[in-house]
Amino acid sequence: MKKILNTTAILSLLALVLLTACNEDQSYADRLNDERNAVNAYLANHRVVMSIPEDSVFEVGPDAPFYRVDADGNVYMQVINAGDRVGDRAKVNEPIYFRYSRYNLSTWYSNGKLTVTDGNENAMDASACTFNFKDYTLPSSAQWGYGLQYPLLFLGVECEVNMVVKSQYGLTNEISYVTPFLFHVRYFHSQI
């Protein structure tokens, strides 16, 4: 009988802990607010230009500003290398290869450390990732979301950028996590 009471007490305590943990979950609105705070805090350390230059001539380099790419502020882009903006633009449905490193801005916001979360930029034994430009009907393209294709609307294919991407424009399988990321991306015509 004592064993049954101990088991019942343990199960009751476990249920109480699980119910309490469920009540502490943030709402989606709270997570969106946290995402906005993390992005704003990161961008506060950089110059930010609130629109794309009318002539699409960007400041380039590691000290260039972050340009707000979309009207809602879901994507910001810092151009490290613009590539050939005139003679080497991506064509619709063209396979574009890229290498990237990704940094979780929510983690940075909470602990102040910007560390690589994932990517293939420094793993030359890993294949380059790919998408077909402006073709979101293909799962291989859609999985990367809209954000990673934005630079190619303005820059040459062989460009290099840093991008702040909010969850709605990031990887489609991670949208519900509401986590913003800083990407460092280099784009190519062929697999490298």
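Residues numbered from 1 in each chain as written. Predicted model: local features only at pLDDT ≥ 70, side-chain atom pairs only at ≥ 80, totals over all residues. Heavy atoms only, no water.

Participant: Hey, could you run me through the overall build of the protein chain in this one?
Facilitator: If you tally the helices and strands in the protein chain, you get 4 helices and 8 strands. When the helices and strands of the protein chain are placed in sequence order, the string is α-α-β-β-β-β-α-β-β-α-β-β. Residues classed as buried in the protein chain amount to 42% of the 192 residues present. With the model as given, the accessible surface of the protein chain reaches about 10600 Å², and the carbon-plus-sulfur share is 55%. (Helix = DSSP H or I, 4+ residues; strand = E, 2+ residues; numbered from the N terminus. Buried < 20%, exposed > 50% of the residue type's maximum accessible area, 1.4 Å probe, protein only. Areas by Shrake-Rupley, 256 points an atom, 1.4 Å probe, with all protein chains shown as cover.)

Participant: When you look at the packing of aromatic side chains in this model, what are you seeing that I'm missing?
Facilitator: Ring pairs (aromatic) are described by centroid distance and by the angle formed between their planes. With the rule as written, the count across this model stands at 15 aromatic pairs. Relative to Tyr187, the ring of Phe98 has its centre 6.3 Å away and its plane inclined at 45 degrees; by these criteria the two rings are tilted. Pair noted here: Phe98 is in strand 4 (residues 95–104) and Tyr187 is in strand 8 (residues 181–188), with a separation of 89 residues, a long-range link. Phe98 gets classed as buried once you look at its relative accessible area, which sits at 0%. By relative accessible area, which is 0% here, Tyr187 ends up buried. Counting every residue linked through ring pairs, the aromatic cluster contains Phe98, Tyr100, Phe131, Trp144, Phe181, Phe183 and Tyr187. Between Arg102 and the ring centre of Phe181, over which it is positioned, the NZ or CZ distance is 3.8 Å. (Phe/Tyr/Trp six-rings, centres within 6.5 Å; stacked < 30°, edge-to-face > 60°. Lys NZ or Arg CZ within 6 Å of the ring centre and 35° of its normal.)

Participant: Can you walk me through the environment of Phe98 in this structure?
Facilitator: In this structure, the C-alpha to C-alpha distance between Phe98 and Phe131, residues 33 residues apart in sequence, is 8.5 Å. Not counting chain neighbours up to four residues away, the residues in contact with Phe98 comprise Asn120, Ala128, Cys129, Thr130, Phe131, Trp144, Leu148, Val185, Arg186, Tyr187 and Phe188. (Contact = heavy atoms within 4.5 Å.)

Participant: So what exactly am I meant to see when it comes to the pairing of strand 8 here?
Facilitator: Taken residue by residue, a regular strand's side chains alternate between the two faces of the sheet. Within strand 8, 7 of the 8 residues are buried, which leaves it mostly tucked inside the rest of the structure. In this structure, strand 4 lies alongside strand 8, joined through 8 bridges in antiparallel fashion. Within strand 8, the residue paired with Tyr100 across the bridge is Val185. Relative to strand 8, strand 7 (residues 160–165) is paired through 6 bridges, and the arrangement is antiparallel. Bridged to Glu160 within strand 8 is Arg186. (Pairing = 2+ DSSP bridges.)

Participant: Just checking my understanding: could you explain unusual backbone geometry for this structure?
Facilitator: If a residue is not glycine, its phi is most likely negative; likewise, a peptide bond is most likely trans. One non-glycine residue, Lys134, lies in positive phi territory at about 60 degrees. As for its position among the elements, Lys134 is in the loop between strand 6 (129–132) and helix 4 (139–142). Residue Val178 is not a glycine yet carries a positive backbone phi of 55 degrees. Residue position: Val178 is located in the loop between strand 7 and strand 8.

Participant: Any chance you could explain the pattern of salt bridges here in plain terms?
Facilitator: Should the charged atoms of two oppositely charged side chains come close, the side chains can pair. On inspection of all chains with the given rule, the structure shows 4 salt bridges. Between Arg47 and Glu59 there is a salt bridge, with its nearest N and O atoms 2.8 Å apart. Taken together, the positions of Arg47 in the loop between helix 2 (28–43) and strand 1 (48–49) and Glu59 in the loop between strand 1 and strand 2 (66–68) put the pair 12 residues apart, joining distant regions of the chain. A salt bridge links Glu121 to Arg186, with the nearest nitrogen and oxygen atoms 3.6 Å apart. (Salt bridge = Lys/Arg side-chain N within 4 Å of Asp/Glu carboxyl O.)

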